[in-house]
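Residue-level structure breakdown
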Amino acid sequence: FQYLCRYKRRENMDSFTFCPGKVEQTEKECLECLLEFCGSSDPSWSVLSNFTHFLNWQLRKCEKSVFCSPVVGKQFLGF
């Protein structure tokens, strides 16, 4: 959700890192954001669950990537 909100606001996410447990907005705003990006106009709870699990998995991999590290990442801005 933290990434999706920043993406929606077109913020630069090169230096952003996910903060577990950080609450930025309400549950309603979180759900609205997930519904906007999940790719289905009327998703079931299982579709939303699969979407969030897959997105979290991808973002964890990205954060651990050497290309996104503070040292190497400066040469690959926006990667």
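Computed from a predicted model, the values in this text were never measured in an experiment.

Another aspect to go through is the layout of surface pockets. Regions of empty space are outlined by a rolling probe, equal in size to a water molecule, passed over the atoms. Estimated volume of the second largest pocket: approximately 450 Å³. Taken together, 21 residues form the lining of the second largest pocket, with F1, Q2, F18, K22 and N56 sitting closest to its centre. Listed by contribution, the elements that provide at least two residues to the lining of the second largest pocket are helix 1 (2-8), helix 2 (27-37) and helix 3 (45-64). Ranked by residues supplied to the lining of the second largest pocket, first place goes to helix 3 with six residues. Grouping the constituent residues of the lining of the second largest pocket by class yields 10 nonpolar, six polar and five charged.

Residues L31, L35 and W45 make up a contiguous nonpolar surface patch of roughly 320 Å² in combined accessible area. Within the secondary structure, L31 sits in helix 2.

Applying the stated criterion across every chain yields a total of two aromatic pairs. For the pair Y7 and F37, a centre-to-centre distance of 5.8 Å together with 65 degrees between the ring planes defines the contact as edge-to-face. On the criterion of sequence distance, the pair formed by Y7 in helix 1 and F37 in helix 2 is long-range, its members being 30 residues apart. Y7 gets classed as exposed once you look at its relative accessible area, which sits at 52%. When its relative accessible area of 24% is taken as the criterion, F37 is described as partly exposed.

If you walk through the whole model with that rule in mind, you get zero disulfides. Among the cysteines around C30, which has no disulfide bond, C33 carries the closest sulfur, lying 7.0 Å off.

Here the focus is the nonpolar core. Ranked by size, the top nonpolar core spans seven residues in total: L4, C5, C33, L34, C38, L48 and F51. Those elements that provide at least two residues to this core are helix 1, helix 2 and helix 3. Sequence-distant contacts of C38, that is, excluding residues within four places in its chain, are made with P43, L48 and F51.

What counts and how
- Residues numbered from 1 in each chain as written.
- Predicted model: local features only at pLDDT ≥ 70, side-chain atom pairs only at ≥ 80, totals over all residues.
- Heavy atoms only, no water.
- 1 Å grid on protein atoms, 1.4 Å probe; cavity = no way out; pocket = protein on both sides within 12 Å on 5 of 7 lines; lining within 4 Å.
- Points joined across faces, edges and corners; volume = space filled by probe spheres on them.
- Helix = DSSP H or I, 4+ residues; strand = E, 2+ residues; numbered from the N terminus.
- Nonpolar A, V, L, I, M, F, W, Y, C, P; charged D, E, K, R; others polar.
- Patch = residues over 30% accessible without salt bridge, like charges linked within 9 Å, V, L, I, M, F, W, Y side chains within 5 Å.
- Areas by Shrake-Rupley, 256 points an atom, 1.4 Å probe, with all protein chains shown as cover.
- Salt bridge = Lys/Arg side-chain N within 4 Å of Asp/Glu carboxyl O.
- Phe/Tyr/Trp six-rings, centres within 6.5 Å; stacked < 30°, edge-to-face > 60°.
- Buried < 20%, exposed > 50% of the residue type's maximum accessible area, 1.4 Å probe, protein only.
- Disulfide = S-S within 2.5 Å.
- Core = buried A, V, L, I, M, F, W, Y, C linked by side-chain atoms within 4.5 Å.
- Contact = heavy atoms within 4.5 Å.

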